[in-house]
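# Report on the structure
Here are the chains, one letter per residue:
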Amino acid sequence: MEFYFDDNDFIWSVRTTDGKLVKSQFDSLLQKRWKSASEAGVCRYQLTNLQTKVLSGTFGFVAQLNANRATQRRVPQNLQKVNNSFDPIEFNFNKVAAQEVLLKPVHKEASGKMEDNAAVIINVSPLEFGNSLLVPSVTANIPQRVTQEGLDLLVRLMLLSSDVNLKAGFNSPGGYASVNHQHYHLYYLRERLYLEKASVEHIAGPCFALTDFPSKGFAFQLHNDPALLAKNVFILVSYLCANEIAHNLFVTRGKRFDETPTDAYDTIRVFVWAREPSFGVKEEIGFNPALCELAGHLLIKEPLAYEVVTEKDAAEMLDSITRPWYHQVRENIHNLFLAT
């Protein structure tokens, strides 16, 4: 069950052009065990080929119809603020069945640290192929908030993948988190997303801003140090938590911000959105704007909504829930990154 790795296993660049993908050991193991668990009936529903379309327009939004997830997933916990205490009575990942645990990532040089208790757990209400939950330290009982250690491990797992389709992200309470136990989503998406190449502008230090995307937010990129990327992202997320600002993160392979012409994705991009909070158990018509949706991957709940969704309508929603909060937070970015 343990999956041992070190920094020599990292894959720093992946190509998006045609060619046979050679799966990394991490991808092969995760996908194999995810398929086996799904076929064994661990999930609440079988994730067959989802109806998928790319919406006409500038941003290439990917819309998918997943009605099962809307009707059969576990009822989200009723979280009323961004910072919550861990409640052992509520559902948490200490309570999952053994067959839901797909692998336990362990850095070879991190014996006895948080990674020793990390687990990748199948999402029993999957949103896409391979949808799993990285829980950086299961028994530490950390509530649903980003930690620098958790981000560090997430970035390292992304680097273990040779598959450009692997995505990751995080929903805070108020940002459609459904379980108050620290976890990050992992999943594979065949379609390309606009954010993988989207233009950015420099604000301060390592922090950039999206310039031409409806979800107004902040961007960071990997150079050659996963720990430094995690530290930089954590500076911003810590500010959001300290000020009770709901937020979402999205992590993907992509182009470097300097837009050097190449057919390779040679960095990992991390996007952070401050957003309008949605506390309690709420369901929006059409789709819930969480980590996937803010990145342009729309998980549609009803067939009619899937048929009529347009880029214009989706873009207006994403802009409306991020723009005011983006401008509020941007005023503080220079102060946050003065020393970096």
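This text gives an overview of the structure that appears in the document. (Residues numbered from 1 in each chain as written. Predicted model: local features only at pLDDT ≥ 70, side-chain atom pairs only at ≥ 80, totals over all residues. Heavy atoms only, no water.)

Moving on, we get to the environment of serine 137. Tracing the chain through its elements places serine 137 in the loop between strand 7 (132-135) and helix 3 (148-159). A relative accessible area of 9% places serine 137 in the buried class. C-alpha separation for the pair serine 137 and arginine 256, spaced 119 residues apart in sequence, amounts to 31 Å. (Helix = DSSP H or I, 4+ residues; strand = E, 2+ residues; numbered from the N terminus. Buried < 20%, exposed > 50% of the residue type's maximum accessible area, 1.4 Å probe, protein only.)

Glancing now at the sheet that holds strand 10 (residues 200-204). With mixed pairing, 11 strands are arranged side by side in an open sheet as 1-5-6-7-9-8-13-15-12-11-10. Whereas interior strands pair on both sides, the edge strands pair on one side only; in this sheet they are strand 1 (2-5) and strand 10. Here the average twist between neighbouring strands, direction ignored, is 30°. Across the face of the sheet, helix 3 comes into contact with strand 1, strand 5 (101-107), strand 6 (119-122), strand 7, strand 8 (166-171), strand 9 (184-188), strand 13 (247-254) and strand 15 (267-274) while running at roughly 25° to strand 13. (Pairing = 2+ DSSP bridges. Axes fitted to C-alpha atoms, helices over the stretch in contact; angles between N-to-C directions. Contact = heavy atoms within 4.5 Å.)

What you see with strand 4 (residues 62-65) is no split at all: Val62 and Gln64 on one side and Ala63 and Leu65 on the other are buried throughout. Strand direction decides the pairing type here: strand 4 and strand 16 (residues 297-300), joined by four bridges, are parallel. Residue pairing across strands places valine 62 opposite histidine 297, the latter belonging to strand 16.

Before going further, it helps to spend a moment on the side chain of histidine 181. Position of histidine 181 relative to the elements: it lies in the loop between strand 8 and strand 9. A distance of 3.1 Å separates a polar side-chain atom of histidine 181 from the backbone oxygen of valine 138. Histidine 181 has contacts with Phe86, Asn92, Phe93, Asn94, Val135, Ser137, Val138, Asn141, Ile142, Pro143 and Gln144, leaving out every residue within four places of it along the chain. (Polar contact = N/O pair within 3.5 Å; in protein donor to acceptor, adjacent residues only side chain to side chain.)

Going through the model one piece at a time under the given rule, you end up with zero disulfides. With no disulfide of its own, cysteine 43 has cysteine 292 as its nearest cysteine by sulfur position, at a separation of 16 Å. Exposure remark for cysteine 43: the relative accessible area of 8% places this residue in the buried category. (Disulfide = S-S within 2.5 Å.)

So, about the pattern of salt bridges. With the rule as written, the count across this model stands at nine salt bridges. Across the pair aspartate 7 and arginine 156 runs a salt bridge, and its minimum N-O distance is 3.1 Å. Linking aspartate 7 in the loop between strand 1 and strand 2 (14-15) with arginine 156 in helix 3, this pair joins segments that are 149 residues apart in sequence. Here aspartate 7 falls in the partly exposed class, since its relative accessible area comes to 38%. (Salt bridge = Lys/Arg side-chain N within 4 Å of Asp/Glu carboxyl O.)

Moving on, we come to the environment of alanine 204. You can see alanine 204 is positioned in strand 10. Classification of alanine 204 as buried rests on a relative accessible area of 7%. C-alpha of alanine 204 to C-alpha of histidine 334: the two residues are 130 residues apart in sequence and 5.5 Å apart in space. Excluding residues within four positions of it along the chain, alanine 204 makes contact with Ile333, His334 and Phe337.

The geometry of helix 3 relative to helix 4 (residues 226-242) is characterised by a closest axis approach of 8 Å and an angle of 135° between their N-to-C directions. Put simply, helix 3 runs oblique to helix 4. When you trace helix 3 past helix 4, the crossing you get is right-handed. On the side of helix 3, the interface is formed by Gln148, Leu151, Asp152, Val155, Arg156 and Leu159, while helix 4 contributes Pro226, Ala227, Leu229, Ala230, Lys231, Val233 and Phe234. (Parallel < 35°, antiparallel > 145°, perpendicular 65-115°, else oblique. Left-handed = near helix turned anticlockwise from the far one by under 90°.)

Time to look at the nonpolar core. Core analysis: the largest hydrophobic core is formed by 61 residues, its most contacted members being Phe220, Val233, Leu236, Val272, Val329 and Ile333. Broken down by element, this core gets its largest block of residues, eight residues, from helix 4. Apart from the residues lying within four places of it in its own chain, the contact partners of valine 329 are Phe218, Leu236, Tyr239, Leu240, Ile245 and Ala274. With 36 residues, the next largest nonpolar core counts Phe213, Val309, Ala314 and Ile321 among its residues. (Core = buried A, V, L, I, M, F, W, Y, C linked by side-chain atoms within 4.5 Å.)

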